[in-house]
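Chain and residue survey
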Amino acid sequence: MTELSISQMQLADIDKVWQIEKQSNRFPWTKGNFEDCLKSGYRTFLYSVNHELIGFSVVQLVLDEIHLLNICVKPDYQGQGFGRQILNHVLEIALGQTAAIVVLEVRISNFRAQQLYLSMGFNEMSVRRGYYPAEQGREDGVLMGLELGMLSQLGQNLL
Amino acid sequence: MKLSPEQYFALDLMGIPVWVSRQDERLTPAESQNEAEHNGHIDYSKPWLVITEELLTAAENRLLNAIFSSIDIKLDDVMVITQQQIKALDGFSADKTIALVLGETLSQKLNMRSHAALPCKQLENCLLALVSPSLKQLLNQPQNKVKMWQTILQLRNLKAPQFD
């Protein structure tokens, strides 16, 4: 498996990050959203392969909860296991912070992402009605969570 | 249920994650610190002081670690004392240390007063202090996390104007 190199996102990276965000999402975050996250001290990571930026993650720490606010892989690099590697990195961060739970929201229509999260041990916690904008009105969001209380030593296939 | 090595191997081949209970009984810095405190070693130079009713359990200690980590503070910079060590408060300087009192009941025992200018309280030795729910409360009633999050952000902001 190709090894990802990981670095911290800086304000100067936002243009590149936003390009990936726009390519990957029908309703992308604005540049301002990323700037706000950086200014608020959220943990923001860049993932590169052979010096090419291929993805990022944005994580907010709230006491013992890790909120995965954004995780993204450049379209050309999707379906190659990079999403799983990025998620593993987020779980490593969570374990390092002695967090109790990782939570995230995903569009109800995004089966591919939900499959990934389920395969990593996340469970559906609730559905937020009309949480996301959609082409026609609004779309539900699925709140998923991974309890870390049972997680000190993941299977070799996870971490 | 204990699995045999063969079963672990088979699960691994199938790509099924194996979960085990978190082994968190190992001593973390704060726990080691608590031991040190009981031997009379209190580090008065730490910028953060946490006052608890009693010694922290492993789960409470993990939560405390996560709480301070979430505002970028390492437990190495935090001194934890219990109410039995309250006399040690006199050794801390209001210029260097800010206190977090865990639990309303404990805060009443400490005879705290409101600060004249800042949105916080003061201990008898003038240490700035904030009061939050106890860690036990937080673990039993997660809805208290909202108050704890507000307090911990306030704690961070309190430090910034005073010392930076």
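Given the structure is predicted, the values throughout are model-derived calculations rather than measurements. (Residues numbered from 1 in each chain as written. Chains lettered and ligands numbered in written order. Predicted model: local features only at pLDDT ≥ 70, side-chain atom pairs only at ≥ 80, totals over all residues. Heavy atoms only, no water.)

Before going further, it helps to spend a moment on the overall build of chain B. The helix and strand tally for chain B stands at six helices and six strands. Each helix and strand of chain B, ordered N terminal to C terminal, gives the series α-α-β-α-β-β-α-β-β-β-α-α. The 164 residues of chain B split such that 48% are buried. Long-range pairs, those at least 24 residues apart, make up 72% of the contacts in chain B with a sequence separation of at least 6. By element, 53% of the accessible surface of chain B is carried by carbon and sulfur atoms, the whole surface being about 8,900 Å². (Helix = DSSP H or I, 4+ residues; strand = E, 2+ residues; numbered from the N terminus. Buried < 20%, exposed > 50% of the residue type's maximum accessible area, 1.4 Å probe, protein only. Contact = heavy atoms within 4.5 Å. Areas by Shrake-Rupley, 256 points an atom, 1.4 Å probe, with all protein chains shown as cover.)

We now examine the overall build of chain A. When helices and strands are counted, chain A shows four helices and seven strands. In sequence order, the secondary structure elements of chain A are arranged as β-α-α-β-β-β-α-β-α-β-β. Here chain A holds 159 residues, and 48% of them are scored as buried.

All names here are of chain A. In this model, chain A carries a mean pLDDT of 90, and residues with pLDDT of at least 70 account for 94%. When mean pLDDT is compared element by element in chain A, strand S2 (residues 43-49) scores highest at 97, while strand S6 (residues 123-134) scores lowest at 90. The low-confidence segment residues 152-159 (pLDDT under 50) makes 23 contacts with residues lying over four places distant or belonging to another chain. (pLDDT = per-residue confidence, 0-100.)

For the rest of this paragraph, the subject is the sheet that holds strand S1 (residues 5-8) of chain A. All names here are of chain A. With mixed pairing, the seven strands of this open sheet are ordered in space as S1-S2-S3-S4-S5-S7-S6. Both edges of this open sheet fall to S1 and S6, since each of them pairs with a single strand only. Strand-to-strand twist in this sheet, taken as the mean axis angle between neighbours without regard to direction, amounts to 25 degrees. The pairing of S2 with strand S3 (residues 52-62) spans seven bridges and is classified as antiparallel. Within the sheet, the bridge partner assigned to valine 49 lies in S3 and is glutamate 52. Along the sheet, helix H3 (residues 82-96) makes contact with S1, S2, S3, strand S4 (65-73), strand S5 (101-107) and strand S7 (137-147), crossing S4 at roughly 160 degrees. (Pairing = 2+ DSSP bridges. Axes fitted to C-alpha atoms, helices over the stretch in contact; angles between N-to-C directions.)

Attention shifts here to the packing of aromatic side chains. The relation between two aromatic rings is expressed through the spacing of the ring centres and the mutual angle of the planes. Counted under the stated rule, the structure contains six aromatic pairs over all chains. Taken together, a centroid distance of 5.4 Å and an interplanar angle of 80 degrees make the contact between Phe34(A) and Phe56(A) edge-to-face. One end of the pair, Phe34(A), is in helix H2 (residues 31-39); the other, Phe56(A), is in strand S3, with 22 residues separating them in the sequence. Neither Phe34(A) nor Phe56(A) differs from the other in exposure class; each is buried. Aromatic side chains Tyr44(B) and Phe92(B) sit 4.9 Å apart centroid to centroid with 65 degrees between the ring planes, which places their arrangement in the edge-to-face category. Here the residue Tyr44(B) occupies a position in the loop between helix H2 (29-38) and strand S1 (48-52), and Phe92(B) occupies one in the loop between strand S2 (78-82) and strand S3 (98-102), the gap between them amounting to 48 residues. Residue Tyr44(B) is classed as partly exposed on the basis of its relative accessible area of 35%. Classification of Phe92(B) as buried rests on a relative accessible area of 4%. (Phe/Tyr/Trp six-rings, centres within 6.5 Å; stacked < 30°, edge-to-face > 60°.)

All right, on to the confidence of the model for chain B then. Atom-level detail of predicted coordinates should not be read off regions where pLDDT is low. Residues and elements named next belong to chain B. Mean pLDDT over chain B: 82, with 82% of residues reaching 70 or higher. Mean pLDDT values for the elements of chain B range from 50 in H2 up to 94 in S1. Counted against residues more than four places away or in other chains, residues 25-30, with its pLDDT under 50, gives eight contacts.

Adjacent strands of a sheet form backbone hydrogen bonds with each other and so pair up, either parallel or antiparallel. Residues and elements named next belong to chain B. The sheet built from six strands is open, its strands ordered S2-S1-S3-S6-S5-S4 with mixed pairing. Only two strands of the sheet have a single partner each, and these edge strands are S2 and strand S4 (113-114). Pairing analysis gives five bridges linking S1 to S2, with the strands arranged parallel. Bridged to isoleucine 51 within S2 is isoleucine 81.

With that settled, consider the pairing of S4(A). Residue and element names in this part refer to chain A. Here S3 pairs with S4 via eight bridges, running antiparallel. Bridge pairing in S4 links glycine 55 to valine 73. In textbook terms, the turn of a hairpin is the stretch between consecutive antiparallel strands, and for S3 and S4 this stretch comprises two residues, one of which, leucine 63, has a positive phi near 50 degrees. The pairing of S4 with S5 spans four bridges and is parallel. Among the inter-strand pairings, glutamate 65 is bridged to a residue of S5, identified as isoleucine 101.

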